[in-house]
Amino acid sequence: MDALYREALNTFGGLLEEARASAEPEPTAMVLATADGKGRPSARAVLLKAWDERGFVFYTNFDSRKGRQLAANPQAALLFLWKQVRQQVQVRIEGTVEPVTAAEADAYFATRPRESQLGAWASLQSQPLDSRATFEARYADYEREFAGGEVPRPPHWSGFRVVPEMIEFWYGAPFRLHERQVYARREGRWAKRMLYP
Ligand SMILES: Cc1cc2nc3c(=O)[nH]c(=O)nc-3n(C[C@H](O)[C@H](O)[C@H](O)COP(=O)(O)O)c2cc1C
Ligand SMILES: Cc1ncc(COP(=O)(O)O)c(CN)c1O
């Protein structure tokens, strides 16, 4: 693996550990930005569930707004804002998106609490919902359907892996004299440079 990419991943891993050890309430929470086929952006929080040299993985409903956007336009940006680490740290990751394999999604789904597994069946994520009772009735239906057995992974629920082309580490400093270290891949090679804050 490219030495600079390895350095960026090591830096990310170190900062994530610092965030876990800090008072940060949701160290793995990240903002995911996507855009539709016309380039109109949208953003929402998701949780980082796996990461390694292949990229950064989150799980979701593929029929959701983000799922449809990523099907039409498989590019994404991720943002971690760790306010409790050092003097605030922001990590920005941009790249292309690919679905994880069915085997990887199955393995992760199997580790989820049963209630979350049933929720993945019950939620028609991002579709209009007329009442809370409708959602609760759907949940109860799936509880009955899968009673006494394992809950299989819904076909519309899986993971996306963001394959990074850019990783920026932003370190807060007094008087807005922050530090920005950017790693970017161009024509297969990683380069590192600083940006003015
Ligand atoms: C801290 C936090 C973590 C979240 N994690 C996830 C997640 O991992 N997957 C997911 O589908 N939605 C997650 N959500 C809900 C999303 O923010 C969002 O409401 C939902 O996925 C629908 O987004 P969409 O309509 O743009 O597809 C999370 C919300 C918060 C506040
Ligand atoms: C709809 C949805 N899916 C997935 C997640 C990921 O979190 P968890 O793995 O803890 O369920 C969240 C977190 N709030 C969520 O709201």
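Residues numbered from 1 in each chain as written. Chains lettered and ligands numbered in written order. Predicted model: local features only at pLDDT ≥ 70, side-chain atom pairs only at ≥ 80, totals over all residues. Heavy atoms only, no water.

(A) Layout of the nonpolar core. F12, W82, V91, I93 and F169 are the most contacted members of the largest nonpolar core, which totals 30 residues. Going through the elements one at a time, α1 (3–21), β1 (29–35), β4 (55–61), β5 (75–82), β6 (89–99) and β7 (157–171) are the ones with two or more residues in this core. Ranked by residues supplied to this core, first place goes to α1 with seven residues. Discounting chain neighbours no more than four positions away, the residues touching I93 are F12, F56, A76, A77, L78, F80, V162, P164, M166 and I167. (Core = buried A, V, L, I, M, F, W, Y, C linked by side-chain atoms within 4.5 Å. Buried < 20%, exposed > 50% of the residue type's maximum accessible area, 1.4 Å probe, protein only. Helix = DSSP H or I, 4+ residues; strand = E, 2+ residues; numbered from the N terminus. Contact = heavy atoms within 4.5 Å.)

(B) Summary view of helix α3 (residues 102–110). All of the buried residues along α3 are E104, A105, Y108 and F109. Projection of α3 onto a plane perpendicular to its axis shows the buried side chains occupying an angular sector of 130 degrees, all on one side. Of the exposed residues in α3, the ones pointing more than 90 degrees away from its buried face are A103 and A110. Tucked inside the fold, the buried residues of α3 contact β4, α4 (114–122) and β7. (Arc of directions from axis to C-beta.)

(C) Broad picture of the site of ligand 2. Neighbouring ligand 2 are L47, K49, Y108, R112 and Q125. Within the contact set of ligand 2, an oxygen atom lies 2.7 Å away from a side-chain nitrogen or oxygen of K49. At a separation of 3.4 Å, an oxygen atom of ligand 2 approaches a polar side-chain atom of Y108. Relative to its unbound accessible area of 390 Å², ligand 2 is 42% covered by the protein chains. Residue classes in the shell around ligand 2 are distributed as two nonpolar, one polar and two charged. (Near = heavy atom within 4 Å. Polar contact = N/O pair within 3.5 Å; in protein donor to acceptor, adjacent residues only side chain to side chain. Areas by Shrake-Rupley, 256 points an atom, 1.4 Å probe, with all protein chains shown as cover. Nonpolar A, V, L, I, M, F, W, Y, C, P; charged D, E, K, R; others polar.)

The values reported here are purely geometric and, on their own, carry no functional implication.
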